[in-house]
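Below are the chains, spelled out letter by letter.
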Amino acid sequence: MTRIDDLGYPIVVTSNAPAEIAAFSKEQGYRRVVVLCDRNVEAGARALAARLRGAAVLAFPLGERRKTMTTLTRVLNALASAGVERTTLILGVGGGVACDVFGFAAATYARGVPFAAVATSLVAMVDAAIGGKTGVNLSSGKNLAGVFRDPVAVFCDLPSLGRLHERWLREGLAEVVKHGIIEGGELFESLETLAPHPLRKWPWETVVADSIRVKAMVVADDRLERGAREVLNLGHTFGHAIERASRYRISHGHGLSIGLRAAGLLARRTGRFSRAEHLRVLSLLTLLRLPLVSPLSDARGIVRAMEHDKKRRNGRVRFVLPRALGDVEYGIDVPTRPVAAVLRAVSEPIHEREGR
Ligand SMILES: NC(=O)c1ccc[n+]([C@@H]2O[C@H](COP(=O)([O-])OP(=O)(O)OC[C@H]3O[C@@H](n4cnc5c(N)ncnc54)[C@H](O)[C@@H]3O)[C@@H](O)[C@H]2O)c1
Ligand SMILES: [Zn+2]
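What comes next concerns the included structure. Owing to the predicted nature of the structure, the values given are computational and were not obtained by experimental measurement.

Definitions and limits used
- Residues numbered from 1 in each chain as written.
- Chains lettered and ligands numbered in written order.
- Predicted model: local features only at pLDDT ≥ 70, side-chain atom pairs only at ≥ 80, totals over all residues.
- Heavy atoms only, no water.
- Helix = DSSP H or I, 4+ residues; strand = E, 2+ residues; numbered from the N terminus.
- Buried < 20%, exposed > 50% of the residue type's maximum accessible area, 1.4 Å probe, protein only.
- Contact = heavy atoms within 4.5 Å.
- Pairing = 2+ DSSP bridges.
- Donors = N, O, S within 2.8 Å, 3.2 Å for Na, K, Ca; no water.

### With respect to the environment of Ala-220
In step 1: When you line up the elements, Ala-220 lands in helix 8 (residues 204–220).
In step 2: Take Ala-220: its relative accessible area is 35%, and that puts it in the partly exposed class.
In step 3: For the pair Ala-220 and Asp-6, spaced 214 residues apart in the sequence, the C-alpha separation amounts to 7.1 Å.
In step 4: Excluding residues that lie within four positions of it along the chain, Ala-220 makes contacts with Asp-6 and Leu-7.

Below, the structure is given as structure tokens:
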């Protein structure tokens, strides 16, 4: 078990979440526990509830398409039917969607009831459950409705990773690589060492905990995303635009991976980042079987999608770019021309002149 306390609530990375959660709930003196879960992890949630003096389990079909106000309303009504009070601990079990929807529901039900996330996907463990952002999608865009509210605890249930489809594991690895670039030292190097080995052999407790520490360190300095937290958007300005321009046929993790290549290239073009480090990032992503080539050829369409990005400030897109591994800069204004050139470059395979 590894415990991280940098954010003022315990983040527990463990192979025995039920025991850790039972101990936490007892120690904090909650009168009751209600378990909300993604239907795909219901069996595990029921096993967990059995350890918590028969806590009620409410399961919901989730997935990105159901990360909506409709689902939120259902969850809120279920909390009311279950007679949830301020002394009840809500456990939200599942991936990033579960963290976002259940966290949002707990933050708003009765103006806020205590919430602990039980993360079962890699994205949830290293990203969604950490930092207190919750929310749902609106038809006008992703994550447009939500609140900042810290959980009372986060539990990362490591055995769940063994049941997660490899596709989702790799989505999470893209975020871990992003954290590795921000950290630039031990985490990045350990990923380079591990990358050629099969995922089931990885020391997940260390990888997850080290990745969380990077996010926690950044979030601790900027809880409400006023500035410094922007570095976590590394690769995302390009990534989101590629996702959006593909009408979401390209997944978030794949968009991010291509976005990290694009950010590296734009950094090179604007006098940042060494070519050797850019190539190191590309080799790592390749070994992790993450894509680096955008199948979209319409660079202009992607630039337009970028201009839609809600992260733009004063009508201009601001970039997050690496100066070096371990040194990421944010709020950078770049003219459209090099951006479009980079987008054309990432629609081509990597060749000898990459990043020259
Ligand atoms: N709030 C934040 O700060 C933040 C940060 C990053 C991502 N997110 C959000 O997280 C979501 C993506 O998270 P995700 O990739 O975990 O998606 P997800 O929650 O949809 O999970 C992916 C799939 O795996 C299933 N699943 C989850 N855990 C499983 C397990 N242990 N075994 C078998 N199946 C399992 C889910 O049912 C789903 O089908 C996005 O909606 C994104 O916006 C939020
Ligand atoms: Zn992301």
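This is not the end of the story, as more comes after the structure.
### Observations concerning the pairing of strand 5 (residues 88–94)
In step 1: Most of strand 5 sits out of view: 7 of its 7 residues are buried.
In step 2: Taking every second residue as pointing to the same face, both faces of strand 5 are buried, with Thr-88, Ile-90, Gly-92 and Gly-94 on one and Leu-89, Leu-91 and Val-93 on the other.
In step 3: Two elements, strand 5 and strand 6 (residues 115–119), share 5 bridges in a ladder whose sense is parallel. Pairing of Gly-94 across the sheet is with Ala-119, part of strand 6.

### What about the coordination of the zinc ion (ligand 2)?
In step 1: The protein atoms donating to the zinc ion (ligand 2) are Glu-175 (OE), His-236 (NE2) and His-252 (NE2), with metal-donor distances spanning 2.0 to 2.1 Å.
In step 2: All donors of the zinc ion (ligand 2) belong to a single chain; written as a sequence motif, their spacing is E-x60-H-x15-H. In this pair, His-236 is assigned in helix 9 (residues 236–245) and His-252 in helix 10 (residues 252–269), connecting sequence segments 16 residues apart.
In step 3: Judged by its relative accessible area of 25%, His-252 falls in the partly exposed class.

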